[in-house]
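If you want the building blocks of each chain, they are given just below.
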Protein chains: 2
Amino acid sequence: MTVKAPGGAPPRGPAAAREIWTLLVELSMSNLRERFIGTVTELELSPPQAHALKVLRPGNPIAMRELADGLHCDPSNITGIVDRLEARGLVERRAAPGDRRIKTLLLTGSGVELRARLLDRLSEPPPAIAALTADEQRQLRDLLRRVVGGR
Amino acid sequence: MTVKAPGGAPPRGPAAAREIWTLLVELSMSNLRERFIGTVTELELSPPQAHALKVLRPGNPIAMRELADGLHCDPSNITGIVDRLEARGLVERRAAPGDRRIKTLLLTGSGVELRARLLDRLSEPPPAIAALTADEQRQLRDLLRRVVGGR
DNA sequence: TATTGTTATACTCTATAACTATA
DNA sequence: TATAGTTATAGAGTATAACAATA
């Protein structure tokens, strides 16, 4: 059921759309959130550190500034986040060729390894999805593709 | 494509299940996250404050301890979060009848109002969902119900 | 003894503003 | 002048440990 502000506008759109959204929010807040927090905690990463590891693809050095954009945060935060990743030997700062203001970030060997473990665990589907029949899975996949694509 | 750790186990389960999960994660990290951050920022709430407002249902006073459980965090954090909500006049601390150790939390009038605005905005489905046909929406809703229910 | 809420402490994330070294 | 990265600072969330009041 939908909560309304007293005197607020009535719900727009069909009820099914609202329930879909509510279900997606629930999923994100429970199942998905627990999985993410649990995984990064096991790997001794903070959420922004894990996010940074996802953005830093092996063999693709990027500037600090680009990482800030990827993490949707102010560049001043990146210094500390990268400091901690570098202290753990997961990332290296390198001088950029051509512009001496820029430092590029590169995953180390163990950075690449930890990133792979992280992505592998995060991409493991929960039992509730695996419990659907193959047909239902294809159906759900196609519908979600359209929702994610149609942004 | 799936990222594998060198020497790691191959992906379990059908590819569709993994893609579904990946799509749900993407949705959660982009569309859903932006909506949530944008909404709570507009209402001048922090994410935990917004979460607390969701847990504190009108007419249902709960103990600080229960709120800590609802927010999945240590009780010591609740003091500060409630301090700030109380300073804004959204919540009141009250003595609990029967056990003088316990303080119960109650939404004020403006707390109830802000909570309604928050939930109303968060439950508004994004265009990509509204763009599906009524049939597709019912299909997607039913599948998600099973995923969320089958936990 | 155990529980409720608080305080003290320490760490991380977050933004803003000022600084440096480059461009 | 403008940009990349850093530093300083302040506010908020997080956990652990210790505490007072109460059960």
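Report follows, based on the coordinates. (Residues numbered from 1 in each chain as written. Chains lettered and ligands numbered in written order. Predicted model: local features only at pLDDT ≥ 70, side-chain atom pairs only at ≥ 80, totals over all residues. Heavy atoms only, no water.)

Description of the side chain of R115 of chain B
Residues and elements named next belong to chain B.
Thinking step 1. Mapped onto the elements of the fold, R115 is located in helix α5 (residues 109–122).
Thinking step 2. For the buried residue R115, which engages in no salt bridge, the nearest side chain bearing the opposite charge is D120, 11 Å off.
Thinking step 3. Beyond its immediate chain neighbours, meaning those up to four positions away, R115 contacts L53, K54, L56, R57, P58 and L107. (Helix = DSSP H or I, 4+ residues; strand = E, 2+ residues; numbered from the N terminus. Buried < 20%, exposed > 50% of the residue type's maximum accessible area, 1.4 Å probe, protein only. Lys, Arg positive; Asp, Glu negative; His and termini not counted. Salt bridge = Lys/Arg side-chain N within 4 Å of Asp/Glu carboxyl O. Contact = heavy atoms within 4.5 Å.)

Comments concerning the packing of helix α1 (residues 15–42) of chain B against α5 of chain B
All names here are of chain B.
Thinking step 1. One can describe the packing of α1 onto α5 by two numbers: an axis separation of 10 Å at closest approach and a directional angle of 155 degrees. Considering their axes alone, α1 and α5 lie roughly antiparallel with respect to each other. In terms of crossing hand, the pair formed by α1 and α5 is right-handed. For the pair α1 and α5, the contacting residues are R35, F36, T39, V40 and E42 in the first and L118, R121 and L122 in the second.
Thinking step 2. When grouped by side-chain class, the residues that make up the contact of α1 with α5 number 4 nonpolar, 1 polar and 3 charged. (Axes fitted to C-alpha atoms, helices over the stretch in contact; angles between N-to-C directions. Parallel < 35°, antiparallel > 145°, perpendicular 65-115°, else oblique. Left-handed = near helix turned anticlockwise from the far one by under 90°. Nonpolar A, V, L, I, M, F, W, Y, C, P; charged D, E, K, R; others polar.)

A few points about the relation of the copies chain B and chain A
Thinking step 1. Take chain B, turn it by 180 degrees, move it 0.0 Å along the axis, and it overlays chain A with an RMSD of 0.1 Å. On the angle and the small slide along the axis, the relation comes out as a two-fold axis.
Thinking step 2. Residue by residue, 100% of the interface of chain B is reproduced at the interface of chain A, so both copies engage with the same surface. (Least-squares fit on C-alpha atoms with pLDDT ≥ 70 in both.)

Some remarks on the environment of L85 of chain A
All names here are of chain A.
Thinking step 1. Relative to the helices and strands, L85 resides in helix α4 (residues 75–87).
Thinking step 2. When its relative accessible area of 1% is taken as the criterion, L85 is described as buried.
Thinking step 3. Measuring from C-alpha to C-alpha, the distance between L85 and D99 comes to 24 Å, with 14 residues separating the pair along the chain.
Thinking step 4. Apart from the residues within four sequence positions on either side, L85 is in contact with L45, Q49, A52, L53, L90 and V91.

Details of the packing of helix α1 (residues 15–42) of chain A against α1 of chain B
Helix packing geometry: the angle between the two helix axes and the distance between the axes.
Thinking step 1. At their nearest, the axes of α1 of chain A and α1 of chain B sit 10 Å apart, and the two run at 110 degrees to each other. Taken together, the axis directions place α1 of chain A and α1 of chain B in an arrangement best described as roughly perpendicular. Where α1 of chain A approaches α1 of chain B, its residues W21, L24, V25, L27, S28, M29, L32, R35 and F36 of chain A are matched on the opposing element by W21, L24, V25, L27, S28, M29, L32, R35 and F36 of chain B.

Here's the deal with the interface of chain B and chain A
Thinking step 1. Contact residues are listed per partner, giving 49 residues for chain B and 50 residues for chain A.
Thinking step 2. Both sides of the chain B and chain A interface together cover about 5,600 Å² of buried area, and 68% of this is carbon and sulfur.
Thinking step 3. Our enumeration of links across chain B and chain A arrives at 8 salt bridges.
Thinking step 4. E19 of chain A is the salt-bridge partner of R145 of chain B, the closest N and O atoms lying 2.6 Å from each other.
Thinking step 5. Our enumeration of links across chain B and chain A arrives at 13 residue pairs in polar contact (both at pLDDT 80 or more).
Thinking step 6. For the side of chain B that touches chain A, the secondary structure elements donating two or more residues are α1, α5, α6 (127–130) and α7 (134–149) of chain B.
Thinking step 7. The element best represented in the side of chain B that touches chain A is α1 of chain B, accounting for 18 residues. (Buried area = accessible area lost by both parts, 1.4 Å probe. Polar contact = N/O pair within 3.5 Å; in protein donor to acceptor, adjacent residues only side chain to side chain.)

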